[in-house]
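Remarks on the overall topology
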2 protein chains.
Amino acid sequence: MEPAERAYARELFERLFAQLSAIGLDAAGATTRLAWTQETAAAERWFEDTARALGLEPERDRNGNLWAWLGERGPGALVTGSHLDSVREGGRFDGALGVVAGFVAVHLAARRLGVVTEDGGPLAAVPLGVVAFADEEGGRFDTPTFGSRALCGALDVEAALARRDRAGVSLSDALAAAGVDPQGIGPDPERLAQVGALVELHIEQDTLLEREGCALALGTGIMPHGRWRVDLQGEAAHAGTTPLELRRDPMLALAAAIVAARSAGAAHGALATVGKLEVSPNATNAVAGRVSFWLDIRAHDEQTVSATLDQVLEATRAQASRDSVGFEQRRESFTAAVEFSPALRARIEAVLSAQGIRTLPISTGAGHDAGTLAATIPTAMLFVRSSGGAGHSPQEHASVDDCLTGIAALVELLTSLETEQSGALADV
Amino acid sequence: MEPAERAYARELFERLFAQLSAIGLDAAGATTRLAWTQETAAAERWFEDTARALGLEPERDRNGNLWAWLGERGPGALVTGSHLDSVREGGRFDGALGVVAGFVAVHLAARRLGVVTEDGGPLAAVPLGVVAFADEEGGRFDTPTFGSRALCGALDVEAALARRDRAGVSLSDALAAAGVDPQGIGPDPERLAQVGALVELHIEQDTLLEREGCALALGTGIMPHGRWRVDLQGEAAHAGTTPLELRRDPMLALAAAIVAARSAGAAHGALATVGKLEVSPNATNAVAGRVSFWLDIRAHDEQTVSATLDQVLEATRAQASRDSVGFEQRRESFTAAVEFSPALRARIEAVLSAQGIRTLPISTGAGHDAGTLAATIPTAMLFVRSSGGAGHSPQEHASVDDCLTGIAALVELLTSLETEQSGALADV
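Residues numbered from 1 in each chain as written. Chains lettered and ligands numbered in written order. Predicted model: local features only at pLDDT ≥ 70, side-chain atom pairs only at ≥ 80, totals over all residues. Heavy atoms only, no water.

Glancing now at the side chain of A:H392. Considering the arrangement of structural elements, one finds A:H392 in the loop between strand 15 (379-384) and helix 13 (400-419). Here the side chain of A:H392 touches A:D94 through a polar contact of 3.2 Å, side chain to side chain. Polar contacts involving the side chain of A:H392 include one to the side chain of A:E137, which spans 3.1 Å. The contacts of A:H392, once residues within four sequence positions are left out, are A:V87, A:E89, A:G90, A:D94, A:E137, A:Q205, B:A236, B:A237, B:H238, B:N285 and B:A286. (Helix = DSSP H or I, 4+ residues; strand = E, 2+ residues; numbered from the N terminus. Polar contact = N/O pair within 3.5 Å; in protein donor to acceptor, adjacent residues only side chain to side chain. Contact = heavy atoms within 4.5 Å.)

Structure, rendered in structure tokens:
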């Protein structure tokens, strides 16, 4: 980007990012925008207002995903974006950065091409769109990548709609309250047919780029990833009267699981995490009667995920057995390894290297909407260098300069496609 | 008791106990009657209806404790009872047994003495009362022995009223909603002056009596007991992207605490329990940012409590330090060792042994209202043999025969005092 264009982009990016960052921000600096809440409704209004202000036409699909279009809608549109929701007490960049960057990049591409519709200029040769997928984090109903899964038919709709949040509200009721008809949730092939390719820009959430001194990465794929639930059934007892040798306390097997997750992860080079627990009755003066915990494992290949899982479950089961505690486990989800479109990646690499924009290849452990859709349409991901590597945390941070480098990459990609012959995306 | 009186007592006991057991019972057989809820309101209506049906006059004191009086109210009344509230998913006997046994025993004593007021008979020489103390378990606001502590001025009223339940309701608001004026909570010396002595009957919650083949125990005292809260401050992070060596995961220090509580308890002959946890953000795909846990320790002497505590905290602190996790701990409560009135115990032993009712002496680790009041008035406790030793659990059980033996002991005690000269309780 030329200095003047970069200064223009910086001003627009900083303004839009500040607007979105203010939504769901608490006094401690943490961001909580759970799906189908007042906070995401406010973020959606921001999306629609921003689209209109930039001359794009916003709309919501029947799965609750938001789209903003420059010109005709397809087929063959080049779409960029991410998501507006966050985890509980998360950061300002995860998801939000990709949506803001998408708006800025599409606006700059239109400016370069003279297709800002309010000026009455010609429409883009390849339709351009910005997307915000619904409920990517799954932080309220434990339904990650809800919107993209529903869109491409990779969601068990009935099971998802029956899920309840901590207050007992079903996803079905939450959707209806947010103005999305639960009956309409499901595969939407007509919508998908409008999209020629999806490029999702996202904060990195790791320290690789920082260590390597590079602002951008091009995703090669997403690691295989599974979530398991383990239920430990002991016997509730009075903490002040029940002798230690008579206790069937499920906490000890939980402790074994936490320790084993760390040691098995380190031994196998996997990421294994116990991050969610439920304890009953959860009272100071009662030996727990029941503990449930959730185990999240990701690794470079499925064999490593399995080996890590086996080691954690075996350690947990052995301790449970010593304490006469019941042990049950079930897989809640499993996502096989994803490879992003080699043709689209090659094209992006060619465009960026011609512009002197360097990227490193990375494979990520995090799930993303671009990963969900990779089986259905050509998708790619650009990662912007994280400062410090935090993710799902208020400490999440990327410098404005690095964000602008990511936006510049998107702009080059969008304009390169526009200046080639129509239908270019059909090649990827 | 003669066979006919025992048959009468059995019928009354079974009927009243079944009525009370039905309140707050869930489909899985667990009892939940938290303080100041619809369930305790229903139990309180049962108390008042039962009192009136047996010719006793019910009233509620300004701390929400319920009393039912046979005849004049004192001074010098002999009062028996326990509490109506339960822990979450607890059993049917804890507290409830003592209240039902109190009603049956006072009724039988009145029958023996011919003072059933509806018959217009003479009043008892020593006033008799049944009591149900409010919020003994503290299961909703973590305010155990609330009613008895408030009554005798052993409660930090301001701090207690500000406490909130899981739904964010303050104790102050919950009291007001239950018809108890929060402004009225506090020491009530006039009420205490009416009570000459308190005898609380309770299920044992241990297996000592079963092992020794004895139906009843006479409490000698309550072990010293403390509760500590430990806050572990790590850093929330993305479970799919954050390398293990960069994590500040507080779960590992929690695991160390759980393991250390068991080993330190075993080493020192103490009861040490981690039964309550809070995790934030408590999400499957997030490394926890913060874990709080509560540690409950009881032992025969305070030195043993301290030694056990030190060992658990040291193990926790060491692991937290290895993971760069912040560690803070504070004592939430401490109850020094309680000795029940030696004079009252001697008197009870003399009456029961004269009637051939055998008791074993036990010191318990559980807190009770009789323990709270022991510093202010003469108190004693009778424990009815538990089948299986469960406590704070739906498995809690005592046989009807053992419950009737406990009731028989109360009847002998009440009538022995009635048939001696007035003012006999002043000796204890």
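Counting 62 residues, the largest nonpolar core has A:L232, A:L254, B:L232 and B:L254 as the members making the most contacts within it. B:L232 has contacts with B:P250, B:A253, B:L254, B:G289, B:R290, B:V291, B:F293, B:T316, B:A320, B:V325, B:G326 and B:F327, leaving out every residue within four places of it along the chain. In this structure, B:L97, B:A109, B:A380 and B:V411 belong to the second largest nonpolar core, which totals 61 residues. (Core = buried A, V, L, I, M, F, W, Y, C linked by side-chain atoms within 4.5 Å. Buried < 20%, exposed > 50% of the residue type's maximum accessible area, 1.4 Å probe, protein only.)

All names here are of chain A. Under the domain assignment used here, chain A contains domain 1 (3-223 + 337-425) and domain 2 (225-335). Taken over C-alpha atoms, the centre of domain 1 sits 35 Å from the centre of domain 2. Contact with domain 1, which involves nine residues of that partner, is made by nine residues of domain 2. Joining domain 1 to domain 2, the criterion identifies two salt bridges. The partner of D142 in a salt bridge is K276, with the nearest N and O atoms 3.4 Å apart. One can count four residue pairs in polar contact (both at pLDDT 80 or more) joining domain 1 with domain 2. (Domains from an automatic or database assignment. Salt bridge = Lys/Arg side-chain N within 4 Å of Asp/Glu carboxyl O.)

The subject of this paragraph is the packing of aromatic side chains. Residue and element names in this part refer to chain A. Inspection of the entire model under this criterion finds 15 aromatic pairs over all chains. The interplanar angle of 40° and the centroid separation of 4.8 Å between the aromatic rings of F17 and F93 together place this pair among those described as tilted. On the criterion of sequence distance, the pair formed by F17 in helix 1 (residues 3-21) and F93 in the loop between strand 3 (77-83) and helix 3 (96-113) is long-range, its members being 76 residues apart. Just as F17 is buried, F93 falls in that class too. Geometrically, the ring pair formed by W67 and W69 is stacked, given 5.7 Å between the ring centres and 0° between the ring planes. W69 carries the same exposure label as W67, and that label is buried. An aromatic cluster of at least three residues, connected via ring pairs, comprises F13, F17 and F93. Over the ring of Y8 we find R111, and its NZ or CZ is 3.7 Å from the ring centre. The positively charged end of K276 is found above the aromatic ring belonging to W294, 4.4 Å away from the centroid. (Phe/Tyr/Trp six-rings, centres within 6.5 Å; stacked < 30°, edge-to-face > 60°. Lys NZ or Arg CZ within 6 Å of the ring centre and 35° of its normal.)

Moving on, we come to the sheet that holds strand 9 (residues 271-280) of chain A. Each strand in a sheet pairs with its neighbour through backbone hydrogen bonds, running either in the same direction (parallel) or in the opposite one (antiparallel). All names here are of chain A. Ordered by their spatial adjacency, four strands build an open sheet running 9-11-7-12, and the pairing between neighbours is antiparallel. Only two strands of the sheet have a single neighbouring strand rather than two, namely strand 9 and strand 12 (326-335). Neighbour-to-neighbour, the strand axes of the sheet open up by a mean angle of 15°, direction not taken into account. In terms of strand pairing, strand 9 meets strand 11 (residues 290-298) through nine bridges, oriented antiparallel. Bridging across to strand 11, V279 finds its partner in V291. Along the sheet, helix 9 (residues 251-268) contacts strand 7 (225-233), strand 9 and strand 11; its crossing angle with strand 9, the most-contacted strand, is approximately 170°. (Pairing = 2+ DSSP bridges. Axes fitted to C-alpha atoms, helices over the stretch in contact; angles between N-to-C directions.)

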